[in-house]
Amino acid sequence: MRVIPSILCAAITTGLVLVLNVQLPVGGTKTPRLGAFLSPQKGFWQNAEDTSIKYQLQLASDKLQGKVEVYFDDRLVPHVYASQENDAYFVQGYLHAKFRLWQMEFQTYAAAGRLSEIMGEESGGTNFVKIDKMFRRLGMVYAAERSLEQMEADSTTKSQCDAYTAGVNTYISSLSEEDYPVEYKLLDYKPELWTNLKTALFLKFMSYDLAGFEEDFEHTNARSVFTKQEFEALYPYGGALTDPIIPKGAVYYDPEDRMPIPALADSLYFLYKPAAVAAVPDTTKPAAVPDTTVKPDKANGSNNWALSGSKTLSGRPILCNDPHLGLGLPSLWYEMQISTPRYNAYGVSFPGAPAIIIGFNDQCAFGFTNSSRDVRDYYEIRFKDKSMKEYWYNGGWQRTTFRDEVIKVKGGSDRVEHIAMTVWGPVMYDASYPDPLGTGKAYACKWKAHEPSNELRTFTLLDGAKGYIDYLDALSTYKTPGQNMLFAAKSGDIAIRQQGEFPAKWRRQGDFVMPGDDSTFAWRRDIDAEENLTFFNPSRGFLSSANQYAYDTIYPYYLGGSYEVFRGMIINRYLQSMEQATVADMERMQTDNYNVFAELARPVLLNYLNESMLNADEKKYVDIVRAWNLRNDAREKGPTVFKIWWDSLAVCIYGDELAQSRKPMPWPEKVTLLEGMLQGPAYQFADDITTPDVKESVAEMVMKAYKQVVPVLKETESRQKLEWGTYLDAGVRHLLKLPALSRLHLNSGGGEGIINAMKQHHGPSWRMIVELTDRTNAYGVYPGGQQGNPGSKYYDSFVDTWNTGRYYKLQILDKETIKKYKGLSGIMTFSKS
């Protein structure tokens, strides 16, 4: 009789062994292998970290040339003291890996189009094969390989990267399975060794984020729907409210060879809808266009400004910077001090690359905002036949080369992307990968990020810059992504320069897909370095940039791209009126929630609204907007009502025009609508083209929009979501979007067009203020923590400080001082073996 229980027990045991050793499908995703994940010896239990932990290490390596000491302060910020500069990068690589290994590797998997290897084809509603295809066909690996060649051609950069890579791999090689970050255990894979190519890939990932946004196909579709006059009105170049970085009235370098528009442009490129063709909404079914579009967030940007000593209480310059990017856990940034014989720098670094990226040293400070210029265009390719082995260019058939890129899919079969390479670059769209408009044609992508470059040189030189001349030298070779590079020094100098390698374009070049049969529409040259103006020690006493136009539109070259208006406007207003400024003033300004767009738009809305046509219930929300203090603070209800109303108005004004095509078109910017309404009640797009017998006015559209949103506002209020903080519902998400590993529902203020540029999961990723007094007076914070391990108290330890607008003191400390620091959270020593 004991046989049957024994068989049952054996069967159950066998079943459990099998079940616990496979990933089980649950809700569109898969569990980890539960046996391994729950194992007390190797599973996630091993990632729980003692709250009293002290990080101690003594490590000897033949990759080191001397000794490096690391002291971790009470926030786990390492202060690195190296007798040899490359040893500092070895240790930086080691620390990045120790505290952020999974994150830095995951980001390079994304850049290389390898996420399917670890995520499978689809998980949690995300199609990773689609994302991988996009990055492969965009040429991310191709771009990284080309840049790596240039980086390694510079012996200094190569030795820095080699040291960094050695440091990362020293840490990886020390790991046992139980030591792996918890995400490896969740996804059931292992870290692989780091390479210099991975560093190049990470830097290309940043180029994609900051110089990869474009709407060429959407604009091309809009060109076919609108007349030239309509297109220029919907998507204007510049505008009355434009307040450029280099103020209006600046004298520009007059180039000898201005960019003439090609003679064939009217017949081959500016193919607007003829004015005689009537506007007709497209009532046909949407075209079967597979959605292949993956784009960086259009809101990726930043604020930076610097005050000269004439405007500060201390009489010394103050520099401020806050880059606006996706808010993730682990954070994009890792804070540290690096001291070498050449320099002594403090700031934030990228886990995945050597150097301090945004920060300061003993003599100066530096920060960046995105240039937002268009450096990514498309050319239509005419292949001889389906084999794509030859394409037509400059009067003859040219041989195509190919890159076959293999996408490995976890649990599935490999996918091979057969990518044709042309004189323009990789053919991103062809019959196997349809373009966003579903034309079935082939289009090659020409992108500045494809070109060889060495951006690391700029950052490592800035870390050691002593003054303005060093700053200019550091910038001189920087190419992509174009940045507004701000500088301030203890000598009293302040400067800003939009630096990058930009194509010299004629007006509207690259807004639409261009003919690729010959070189007529090619980028003819790059803008000369001296034509990227430097604004140095201005008489107004301050400099600023916030992703607005760099120059007035009389600048001799077309900028293209997409630009913010209102952050720059309010920053300049504050700085213009500010005297005797202090760090506290800068903190209030950097976290300011004043909505200058609403300041301009609210009176327009209220002026056009006929309140006599509203009942008391409907007037309630108008009264909220009217009484609003124009601040997007978390407790305010006004910003919620205003945003919902304005968004509804945009649909009422432009929805009929954009409904003329079911294919994608860009929505006009909100500043376009505001400037149109400021022109008067007869704004041309107020008329609803679907009612040809009636001429609607702006006032009617404002009323229509308001009436439509009243039920929405009531419903929002019933859910207790009318206060801005609950409506915005901001948070910092884990990179895998796992709620348990995220910090959600933060009840934050801020918003689009506001200095505190918060969106739901996007916003100020690092706030820094540096007063360049004799003893540097600096403060900073980012929404995360130094440790990437969710089981550590340092994982998200800065989030609450950041969310409440507070800062930490940032200090470049000498070694003897920090040795006496009582709150040290660890000491590590690295030496030559």
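Residues numbered from 1 in each chain as written. Predicted model: local features only at pLDDT ≥ 70, side-chain atom pairs only at ≥ 80, totals over all residues. Heavy atoms only, no water.

**Considering the overall build of the chain**
1) Next: The number of helices and strands found in the chain is 24 helices and 32 strands.
2) Next: The globule rule puts the C-alpha radius of gyration for 833 residues at 28 Å, and the 28 Å found for the chain is close to it.
3) Next: A separation of at least 24 residues holds for 72% of the contacts in the chain among residues at least 6 apart in sequence.
4) Next: A total accessible area of about 32400 Å² is found for the chain, and carbon and sulfur atoms account for 53% of it.
5) Next: Both charge centroids of the chain, one from 91 positive and one from 101 negative side chains, sit 4 Å from each other. (Helix = DSSP H or I, 4+ residues; strand = E, 2+ residues; numbered from the N terminus. Rg over C-alpha atoms; globule rule 2.2 N^0.38 Å. Contact = heavy atoms within 4.5 Å. Areas by Shrake-Rupley, 256 points an atom, 1.4 Å probe, with all protein chains shown as cover. Lys, Arg positive; Asp, Glu negative; His and termini not counted. Charge placed at Lys NZ, Arg CZ, Asp CG, Glu CD.)

**With respect to the UniProt feature "binding site: Ca(2+)" (unreviewed entry) in the chain**
1) Next: When the UniProt feature table is mapped onto this chain numbering, "binding site: Ca(2+)" (unreviewed entry) sits at Asp-374 and Asp-377.
2) Next: Structurally, Asp-374 can be placed in the loop between strand S14 (364-370) and strand S15 (376-381).
3) Next: Apart from residues no more than four positions distant in its own chain, Asp-374 is found in contact with Asp-216, Pro-503, Lys-505, Gly-510, Leu-559, Gly-560 and Gly-561.
4) Next: Within polar-contact distance, the side chain of Asp-374 engages the backbone nitrogen of Arg-376 at 3.2 Å.
5) Next: Along the polypeptide, Asp-377 turns up in strand S15.
6) Next: The buried category is assigned to Asp-377, whose relative accessible area is 0%.
7) Next: In this structure, Asp-377 is in contact with Asp-216, Ala-444, Cys-445, Lys-446, Lys-505, Gly-510, Met-514 and Trp-523, ignoring residues within four places of it in sequence. (UniProt positions renumbered as here; feature names shortened; annotations may be inferred. Polar contact = N/O pair within 3.5 Å; in protein donor to acceptor, adjacent residues only side chain to side chain. Buried < 20%, exposed > 50% of the residue type's maximum accessible area, 1.4 Å probe, protein only.)

**With respect to the sheet that holds strand S11 (residues 334-339)**
1) Next: In spatial order, the strands read S3-S32-S4-S5-S11-S12-S13-S14-S22-S23-S25; together these 11 strands make up an open sheet with mixed pairing. The sheet is open, and its two edges are formed by strand S3 (55-61) and strand S25 (534-536), each paired on a single side. Taken over all neighbouring pairs, the strand axes of this sheet differ in orientation by 15° on average, direction set aside.
2) Next: Where strand S4 (residues 68-72) and strand S32 (residues 826-832) come together, five bridges link them in antiparallel fashion. Within the sheet, the bridge partner assigned to Glu-69 lies in S32 and is Thr-829.
3) Next: Seen against the sheet, helix H14 (residues 468-475) touches strand S22 (483-489), strand S23 (494-499) and S25 and runs at an angle of roughly 10° to S23. (Pairing = 2+ DSSP bridges. Axes fitted to C-alpha atoms, helices over the stretch in contact; angles between N-to-C directions.)

**Here we look at unusual backbone geometry**
1) Next: In this structure, Pro-330 follows Leu-329 across a cis peptide bond, with omega equal to -5°.
2) Next: When you line up the elements, Pro-330 lands in the loop between strand S10 (328-329) and S11.
3) Next: At the junction of Thr-480 and Pro-481, the peptide bond is cis and its omega measures out at 0° in the coordinates.
4) Next: For Leu-76, which is not a glycine, the phi torsion comes out positive at approximately 70°.
5) Next: Position of Leu-76 among the secondary structure elements: in the loop between S4 and strand S5 (78-82).
6) Next: One non-glycine residue, Gln-580, adopts positive backbone phi at about 55°.
7) Next: Within the secondary structure layout, Gln-580 lies in the loop between helix H15 (566-577) and helix H16 (583-590).

**Thoughts on the pairing of S32**
1) Next: In the sheet, S3 pairs with S32 via seven bridges, with the strands oriented parallel. Note on S32: the bridge partner recorded for Tyr-55 is Gly-826.

**Structural notes on the side chain of Gln-786**
1) Next: Positionally, Gln-786 belongs in the loop between strand S30 (777-781) and helix H23 (799-803).
2) Next: Of the polar contacts made by the side chain of Gln-786, one reaches the side chain of Tyr-782; its length is 2.5 Å.
3) Next: When residues no more than four places from it in sequence are discounted, the contact partners of Gln-786 are Arg-75, Leu-76, Val-77, Pro-78, Phe-99, Arg-100, Tyr-334, Glu-335, Tyr-794 and Phe-798.

**Focus on the packing of helix H17 (residues 596-608) against helix H19 (residues 638-658)**
1) Next: Following both chains from N to C, one finds H17 and H19 inclined at 65°, their axes separated by 12 Å at the closest point. On the basis of their axis angle, the class for H17 and H19 is roughly perpendicular. At the point where H17 passes H19, the crossing takes the left-handed sense. Judged by residue contacts, Phe-597, Ala-598, Ala-601, Arg-602, Leu-605 and Leu-606 of H17 engage Phe-642, Trp-645, Trp-646 and Leu-649 from H19. (Parallel < 35°, antiparallel > 145°, perpendicular 65-115°, else oblique. Left-handed = near helix turned anticlockwise from the far one by under 90°.)

**Comments concerning the nonpolar core**
1) Next: Within the largest apolar cluster, 254 residues are counted, with the highest numbers of intra-cluster contacts made by Leu-95, Met-586, Trp-645, Trp-646, Leu-649 and Phe-830.
2) Next: Residues Tyr-71, Tyr-81, Ile-818 and Leu-824 belong to the second largest nonpolar core, which totals five residues. (Core = buried A, V, L, I, M, F, W, Y, C linked by side-chain atoms within 4.5 Å.)

**Describing the environment of Pro-244**
1) Next: With respect to the helices and strands, Pro-244 occurs in the loop between helix H11 (228-234) and helix H12 (265-268).
2) Next: Note: C-alpha distance between Pro-244 and Asp-552 (308 residues apart in sequence) is 6.0 Å.
3) Next: Residues in contact with Pro-244, not counting those within four places in the same chain, are Gln-548, Tyr-549, Ala-550, Tyr-551 and Asp-552.

**Thoughts on the UniProt feature "active site" (unreviewed entry) in the chain**
1) Next: Listed under "active site" (unreviewed entry) in the UniProt record, and renumbered for this structure, are Ser-302.
2) Next: Locating Ser-302 in the fold gives a position in strand S8 (residues 301-307).
3) Next: Residues in contact with Ser-302, not counting those within four places in the same chain, are Asn-321, Asp-322, Pro-323, His-324, Phe-368, Thr-369, Asn-370, Ser-545, Ala-546, Asn-547 and Arg-567.

**Things to note about the pairing of S8**
1) Next: Extensive coverage of S8 is indicated by the burial of seven of its seven residues.
2) Next: Every second residue of S8 is oriented toward a common face, with Gly-301, Asn-303, Trp-305 and Leu-307 on one face and Ser-302, Asn-304 and Ala-306 on the other, all of them buried.
3) Next: Here S8 runs beside strand S9 (residues 318-326); their pairing, made up of seven bridges, is antiparallel. Across the sheet, Asn-303 pairs through a bridge with Asp-322, a residue of S9.
4) Next: Across four bridges, S8 lies against strand S26 (residues 542-545) in antiparallel orientation. When the sheet's bridge partners are listed, Leu-307 is paired in S26 with Phe-542.

**Focus: the sheet that holds S15**
1) Next: Reading across from one edge, S20-S21-S15-S24 is the order of the four strands in this open sheet, with mixed pairing throughout. The sheet is open, and its two edges are formed by strand S20 (427-429) and strand S24 (514-515), each paired on a single side.
2) Next: Across two bridges, S15 lies against S24 in parallel orientation. Each residue of the ladder has a partner; that of Glu-380, found in S24, is Pro-515.
3) Next: Where helix H5 (residues 128-138) meets the sheet, it contacts S15, S20 and strand S21 (442-447), and its direction lies at approximately 145° from that of S20.

**Describing the pattern of salt bridges**
Side chains that carry opposite charge are capable of pairing whenever their charged atoms lie near each other.
1) Next: Here the structure, examined in full by the defined rule, presents 52 salt bridges.
2) Next: Between Arg-75 and Glu-335 there is a salt bridge, with the nearest N and O atoms lying 2.8 Å from each other. With Arg-75 in the loop between S4 and S5 and Glu-335 in strand S11, this pair connects stretches of sequence that are 260 residues apart.
3) Next: The exposure class of Arg-75 is buried, given its relative accessible area of 10%.
4) Next: You can call Glu-335 buried: its relative accessible area is 0%.
5) Next: When the shortest N-O distance is used, the salt bridge between Arg-415 and Glu-121 registers 2.8 Å. With Arg-415 in strand S19 (residues 415-421) and Glu-121 in the loop between helix H4 (115-119) and strand S6 (122-123), this pair connects stretches of sequence that are 294 residues apart.
6) Next: One network of salt bridges, in which partners are shared, links Glu-105, Arg-114, Glu-117, Glu-192 and Lys-198. (Salt bridge = Lys/Arg side-chain N within 4 Å of Asp/Glu carboxyl O.)

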